[in-house]
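Understanding the architecture of this molecule
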Amino acid sequence: MNKKTIISVLLVLVAVAGQAQTKTATITGYSPALKDGTVAESSIDNVRVASDTIQGGRFALTVPVEGLTKSYLFLEGEGCPNRLMTIWLRPGVDVKVTGTDCLYPLWKVDSPLPEQQTLNRITEYGYDTLAETLRLGLANASWDEERSVYMKYLKQTMDILPSLPVDAASLDELEGVAMMARNYEKDFPDMEQLKELEASTAARAPKGFEEQLAQIHTQVYPPHILQVGEEAIDAELIDMQGQKHHLAEVLGQPDRYVLLDFWSLGCGPCRMAEPEMRRAYEQSQGKLEIIGINQDKISAWQEDDFSKSIAWKNWSDGKMGKADIENSYCDRKAIPYYVLISPDNRILWKGAGYGAGWFMGLVSAINGPKQDNTANLSFSIRQVNADARGTTISFRFYGQEGYWFRIAKESYLEANGKKYHLKEAHGITLDENIYPAQKASAITEGIMGKLFFTDFTLTFEPFETIPETFDFKEGDGEGAFVIRNVSIK
């Protein structure tokens, strides 16, 4: 089936918020290769704080800061890679970045700060590998192609870190390596080196970095991560007014599912998913509770208009995605990340990224006969009629405009250890690409303006004995989907 999932591992900055700071630093830059009209942006804690439009290859940014600050530089324009560049700042510091091309993460950075000089040495050491990574990104290479090169860059980072001072910059780079190792733990090629590096860094670190060292240790040695089928656990969170709450307040309620939504203001896919989530939430008839768990700085989260508009429980762990709740529930440090919990407090589904149709399909299943459609949320069963003549099932598929699905003639039901084969279909043609044709809402813009659905029915051989539940299987071929534990009642 032709489907797409949208995921954000590095945050794409789309939020603008006011800043309380009055102290500033400056970032000026120049490259003759930059096109006029290219936009230069500086961000802190996932919030854009300064921007400039490039003219004559030059830009200047005045950045509000308090103390030592990790900022990001992002250039949006022709020939620029989709990559954030870290720049360390302090009040009163002037930083100059210069290059001859558009690959700005490789440019020379002139700064008096020792943290920036630490980062410069890391970049210089892995220069050729980082350059190759950026060029692959500009060429729209697949992640499989880019990943092997990026893993080489991570290895080079680990190779040079022992020779560098333990400071905010070197610890930040080590934490980035550790985060990637956790995301790809099973096949991260240099895990033993990372463990040795984490231990040696902690041993020689000066005082004041205990919290960051603890975070790195958690990435290298993650606690048990809850999996599908396990019981959900409680966690303490705060709302936008600063009031404390617990997941236990909403978990385990009869006939009510809970969806945990780990998100950030700067995450494009998170924002893209919101209109569909809102529509699904409205149509859930009280059977679905959504808990947004924000990953941003509390002040930015509380002040943002998008955050204020969220219709469901909008909470935060207060630790920018580094609290126990993320470490317990999320297999990957990526957003958006979703966890669906059943009324009996069991984890039903976990997913990173956003696929159009997921949440409308989820709510369609919740409002239909009891079923588990988490293997493919876009499909749901809306009604089941089983008698001596056969079993007729009404399905619905949600998908983005231009995306198709197909149902194989080899589809069957399975119950009591037996297969019951497909006899006929209405509303679709079997073994052909089907494009959803009916709009999911009257909305014309955004993701909901492009979301469609198709209803169809399939009739199967009659059950020998009417079971309490059955499984629908779209054949046994590769990529076939399943809806499990469908209730006859």
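These lines cover the structure that appears in this document, whether it is placed above or below. On a predicted model such as this, the values are computed, not experimentally measured, just so you know.

A word on the sheet that holds strand S10 (residues 244-246). In spatial order, the strands read S10-S9-S13-S12-S11-S14-S15; together these seven strands make up an open sheet with mixed pairing. Lying at the two open borders of the sheet, with one neighbouring strand each, are S10 and strand S15 (347-352). Neighbour-to-neighbour, the strand axes of the sheet open up by a mean angle of 30°, direction not taken into account. As paired strands, strand S14 (residues 337-341) and S15 are joined by five bridges and run antiparallel to one another. If you follow Tyr337 over to S15, its bridge partner there is Ala352.

Moving on, we come to the pattern of salt bridges. Pairs can form between side chains of opposite charge once their charged atoms are near each other. Scanning all chains against the criterion turns up 20 salt bridges. The salt bridge involving Glu236 is made with Lys244; its shortest N-O contact spans 4.0 Å. Residue Lys244 is classed as exposed on the basis of its relative accessible area, which comes to 60%. Notably, a salt bridge pairs Lys350 with Asp331, separated by 2.6 Å at the nearest N-O pair. Of this pair, Lys350 sits in strand S15 while Asp331 is found in the loop between helix H10 (324-329) and S14, placing the two residues 19 residues apart along the sequence. Classification of Asp331 as partly exposed rests on a relative accessible area of 24%. Put simply, Arg256, Glu289 and Lys313 are held in one network by salt bridges that share partners.

Attention shifts here to the environment of Thr374. Mapping Thr374 onto the fold places it in the loop between helix H11 (358-367) and strand S16 (379-387). Using a relative accessible area of 15% as the deciding quantity, one classes Thr374 as buried. Taking the C-alpha atoms as reference points, Thr374 and Ser51, 323 residues apart in sequence, are found 42 Å from one another. Setting aside residues no more than four positions away along its own chain, Thr374 makes contact with Leu340, Leu348 and Trp349. In this structure the side chain of Thr374 is engaged in a polar contact, spanning 2.5 Å, whose partner is the side chain of Asp372.

Regular strands have side chains that alternate between both faces of the sheet. Taken across its seven residues, strand S11 (residues 257-263) has seven buried, putting it largely inside the fold. Side chains Tyr257, Leu259, Asp261 and Trp263 project from S11 onto one buried face, and the interleaved Val258, Leu260 and Phe262 project onto a second face that is buried too. With seven bridges connecting them, S11 and strand S12 (residues 288-294) associate as parallel partners. Each residue of the ladder has a partner; that of Val258, found in S12, is Glu289. Of the pairings in the sheet, the one linking S11 to S14 comprises five bridges and is antiparallel in character. Each bridged residue has a counterpart across the sheet, and for Asp261 the counterpart in S14 is Tyr338.

Mapped onto the elements, Arg182 comes out in helix H4 (residues 168-183). Only 3.1 Å separates the side chain of Arg182 from the side chain of Asn327, close enough to count as a polar contact. Here Arg182 is in contact with Gln219, Pro222, Ile225, Glu326, Asn327, Cys330, Asp331 and Lys333, once residues within four sequence places are set aside.

Next up on the list: the state of the cysteines. In total, this model carries one disulfide according to the counting rule given. Between the sulfur atoms of Cys267 and its disulfide mate Cys270 the distance is 2.4 Å. Judged by the sign of its S-S torsion, about 85°, the cystine formed by Cys267 and Cys270 is right-handed. We classify Cys267 as buried; its relative accessible area is 0%. For Cys270, a relative accessible area of 8% corresponds to the buried category.

The final tally for this structure, using the stated rule, is 21 aromatic pairs. An angle of 75° between the planes, with centres 4.9 Å apart, marks the rings of Tyr420 and Phe463 as edge-to-face. Here the residue Tyr420 occupies a position in strand S19 (residues 418-426), and Phe463 occupies one in the loop between strand S21 (451-460) and strand S22 (469-473), the gap between them amounting to 43 residues. With relative accessibility at 4%, the residue Tyr420 sits in the buried group. Among the aromatic residues, those joined into a ring-pair cluster are Phe379, Phe395, Phe397, Phe405, Phe456, Phe460, Phe472 and Phe481. Stacked on the ring of Phe306, the Lys or Arg Arg271 has its end atom at 4.4 Å from the ring centre. Positioned above the aromatic ring of Tyr412, the side-chain terminus of Lys419 is 4.6 Å from the ring centre.

Thresholds applied
Residues numbered from 1 in each chain as written. Predicted model: local features only at pLDDT ≥ 70, side-chain atom pairs only at ≥ 80, totals over all residues. Heavy atoms only, no water. Pairing = 2+ DSSP bridges. Helix = DSSP H or I, 4+ residues; strand = E, 2+ residues; numbered from the N terminus. Axes fitted to C-alpha atoms, helices over the stretch in contact; angles between N-to-C directions. Salt bridge = Lys/Arg side-chain N within 4 Å of Asp/Glu carboxyl O. Buried < 20%, exposed > 50% of the residue type's maximum accessible area, 1.4 Å probe, protein only. Contact = heavy atoms within 4.5 Å. Polar contact = N/O pair within 3.5 Å; in protein donor to acceptor, adjacent residues only side chain to side chain. Disulfide = S-S within 2.5 Å. Phe/Tyr/Trp six-rings, centres within 6.5 Å; stacked < 30°, edge-to-face > 60°. Lys NZ or Arg CZ within 6 Å of the ring centre and 35° of its normal.

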